[in-house]
Amino acid sequence: MDILTLGIESSCDETSVSVVKNGRIILSNVISSQIESHKEFGGVVPELASRMHVQNVIQVIDNALITAGCKLEDIDQIGVTFGPGLIGALLVGVSAAKSLAYKLKVPLCPVHHLEGHISANFLQDPELEPPFVCLVASGGHSHIVECIDYGKFKILGQTRDDAAGEAFDKISRAIGLGYPGGPAIDKAAKNGDPDKIVFPQVHFDGSLDFSFSGVKTAVLNYINNTKEICVPDVCASFQKALVSILTENLMKANRATGHNKIVLAGGVAANSALRTSVSVMAEKEGAKVYMPAPVLCTDNGAMIACAAYYALKQGRVADLELNAMANISLETI
Ligand code: KG4
Ligand code: ZN
């Protein structure tokens, strides 16, 4: 019998709802982005985000059901991001999910946001199974994770300061390319010389942790102290430094675990230079590489539905006491 999962994501500035069949087949993935509303403030305004989720969530649920060609009563299971993220934004999705689970009398599965990002790869590639190593890089997190089994993760390294996406967003704002910074820098870098300016790359001995504040400060100093900057060159050089740090640690993690399966996830996984760099390095080392299509890298409901499907298989179900959590480790789910 087919299982239909409705996944709800509202941890940041996207209200997204999806219907996924049997954990891996996307029937709909409706994403209502708030980017235009936050742009003028140069980043996400938490209070505005929560209010917009409230305004949008019902309509997005309806659209997801219509696009999937099913009725609410056809849904077998609800999945929702319960953390980490903006607390007011998370609460909207969690409340909607609890109401639906109560009305339909179906299981409610709590999904960790990063577990969702990693699960986007199961939607992209039906053959992919754990174990593997994964780089999860988004606006709020930069982790190297060993996915031991569905829903079972070990953090091998993480950022000690800024997240990779945060560094992209801050440099973009400083250079006048606006929010969100990642796609803008990615685009501008295509016309720039990545070897024009050498920005520092921090690596820690015996650790897979990241630090991006040094490269960020170096770029900001360069922008402030240089009379006429060439925006594409700065973008390409900054992106090269960041991508090198991410790729190098990911490859080290693959060697250390010996899985020879390398996975990318999170908004920064949409970055074209990172995708190329990891593909090239993986091929050199004989490892298989997996990455979601860009639309599945950034926040979406389908990745949450997929993770919820596997959570239910493992008996991870919440009751109506489920609460949103702004901070929660991937290892504790
Ligand atoms: O995963 P996501 O949609 O939301 C969070 O969980 O944070 O990631 C958003 C982040 C933003 O910082 C954005 O600038 C970055 O992902 N991003 C990119 C690209 N597309 C989105 N960074 C680099 N290159 C891109 N093409
Ligand atoms: Zn995300």
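So, how was this worked out
Residue indices begin from 1 for each chain and proceed along its sequence in written order. Chain letters start at A and ligand numbers start at 1, both assigned in the order the entries are written. At least 70 in pLDDT is required for a residue's local features to be given in this predicted model, at least 80 for side-chain atom pairs to be given and counted, and no such filter applies to totals for whole chains, interfaces and linings, which use all residues. Heavy atoms throughout the structure, all of them, feed into the side-chain values; hydrogens and water do not. Secondary structure elements are defined from DSSP: runs of H or I of at least 4 residues count as helices, runs of E of at least 2 residues count as strands, and each element is numbered from the N terminus. Computation of the radius of gyration draws on C-alpha atoms, with the globule rule given as 2.2 Å multiplied by the number of residues to the power 0.38. Categorising residues by exposure relies on relative accessible area from a 1.4 Å probe, with only protein chains included: less than 20% of the type maximum marks a residue as buried, more than 50% marks it as exposed, and the intermediate range marks it as partly exposed. We call two residues in contact whenever any of their non-hydrogen atoms come within 4.5 Å of each other. Methods summary: accessible areas were calculated by the Shrake-Rupley approach with a probe of 1.4 Å, and residue burial reflects only the protein chains presented. The sign given to each residue is positive for Lys and Arg and negative for Asp and Glu; His and the chain ends receive no count. To locate a charge, take NZ of a lysine, CZ of an arginine, CG of an aspartate or CD of a glutamate. A single heavy atom is enough: if one lies within 4 Å of a molecule or strand, its residue is considered near that molecule or strand. Each polar contact in these results corresponds to two N or O atoms within 3.5 Å; when the atoms are within protein, one needs to be able to donate a hydrogen and the other to accept it, and residues that are neighboring in sequence are counted only if both atoms are side-chain atoms. Delimitation of the domains relies on an automatic or database domain assignment. Only when DSSP finds a minimum of two bridges between them are two strands counted as paired. The axes used here are C-alpha line fits, helices contributing only the stretch in contact, and every angle between their N-to-C directions lies in the interval 0 to 180 degrees. Nonpolar cores are built from buried Ala, Val, Leu, Ile, Met, Phe, Trp, Tyr and Cys residues. Side-chain atoms within 4.5 Å join them into one set.

1. Focus on the overall build of the protein chain
Thought 1: Per the secondary structure count, the protein chain includes 11 helices and 10 strands.
Thought 2: Taking 2.2 N^0.38 as the reference for a compact globule, 333 residues should give roughly 20 Å; the C-alpha atoms of the protein chain span a radius of gyration of 20 Å, in line with that estimate.
Thought 3: Here the C-alpha coordinates of the protein chain stretch approximately 60 × 45 × 30 Å along the principal axes.
Thought 4: Relative to its 333 residues, the protein chain shows a buried fraction of 54%.
Thought 5: Pairs at least 24 residues apart make up 72% of the contacts formed inside the protein chain by residues separated by at least 6 positions.
Thought 6: Looking at the protein chain as shown, the accessible area adds up to about 13800 Å², and 53% of this sits on carbon and sulfur atoms.
Thought 7: One way to put it: in the protein chain the 27 positive side-chain charges average out to a point 2 Å from where the 35 negative ones average out.

2. Examining the site of ligand 1
Thought 1: Contacts to ligand 1 come from 18 residues, most closely from His117, Gly139, Asp169, Gly182 and Asp186.
Thought 2: Contact between ligand 1 and glycine 182: an oxygen atom at 2.9 Å from a main-chain N or O atom of the residue.
Thought 3: Within the backbone of aspartate 299, one N or O atom sits 3.1 Å away from an oxygen atom of ligand 1.
Thought 4: Coverage of ligand 1 by the protein chains reaches 89% of its 550 Å² of free accessible surface.
Thought 5: With 4 residues, the single largest contributor to the shell around ligand 1 is helix 6 (residues 181–189).
Thought 6: The residue makeup of the shell around ligand 1 includes at least three contributed by each of domain 1 (4–119 + 296–332) and domain 2 (130–292).

3. Notes on the side chain of asparagine 56
Thought 1: Summarising the element assignment, asparagine 56 is placed in helix 2 (residues 46–68).
Thought 2: Once residues lying within four places of it in the same chain are set aside, the contact partners of asparagine 56 are Thr15 and Ser32.

4. Here's the deal with the environment of alanine 265
Thought 1: Mapped onto the fold, alanine 265 is located in strand 9 (residues 261–265).
Thought 2: Using a relative accessible area of 1% as the deciding quantity, one classes alanine 265 as buried.
Thought 3: Contact partners of alanine 265, with chain neighbours within four places excluded, come to His117, Ile118, Asn121, Cys134, Leu135, Val136 and Ala137.

5. Comments concerning the sheet that holds strand 4 (residues 77–83)
Thought 1: Read from one edge to the other, the open sheet built from 5 strands follows the order 3-2-1-4-5, with strand pairing classed as mixed. Of all the strands in the sheet, just strand 3 (25–33) and strand 5 (108–112) have a single pairing partner and so form its edges. Sheet twist, expressed as the average angle between the axes of neighbouring strands with direction ignored, equals 20°.
Thought 2: By the bridge criterion, 4 bridges tie strand 1 (residues 4–9) to strand 4 in an arrangement that is parallel.

6. Overview of the nonpolar core
Thought 1: Ranked by size, the top nonpolar core spans 42 residues in total, and within it Leu135, Phe212 and Phe238 carry the most contacts.
Thought 2: Counting only elements with at least two residues in this core, the list comes to strand 6 (132–137), helix 5 (164–175), helix 6, helix 7 (213–225), helix 8 (231–257), strand 9 and helix 9 (272–284).
Thought 3: Ranked by residue count, the leading element in this core is helix 8, at 12 residues.
Thought 4: If we ignore the near neighbours within four places in the chain, the residues touching leucine 135 are His143, Ile144, Phe210, Leu246, Leu250, Val263, Leu264, Ala265 and Leu274.

Remember that the coordinates give geometry; whether it matters functionally is a separate question.
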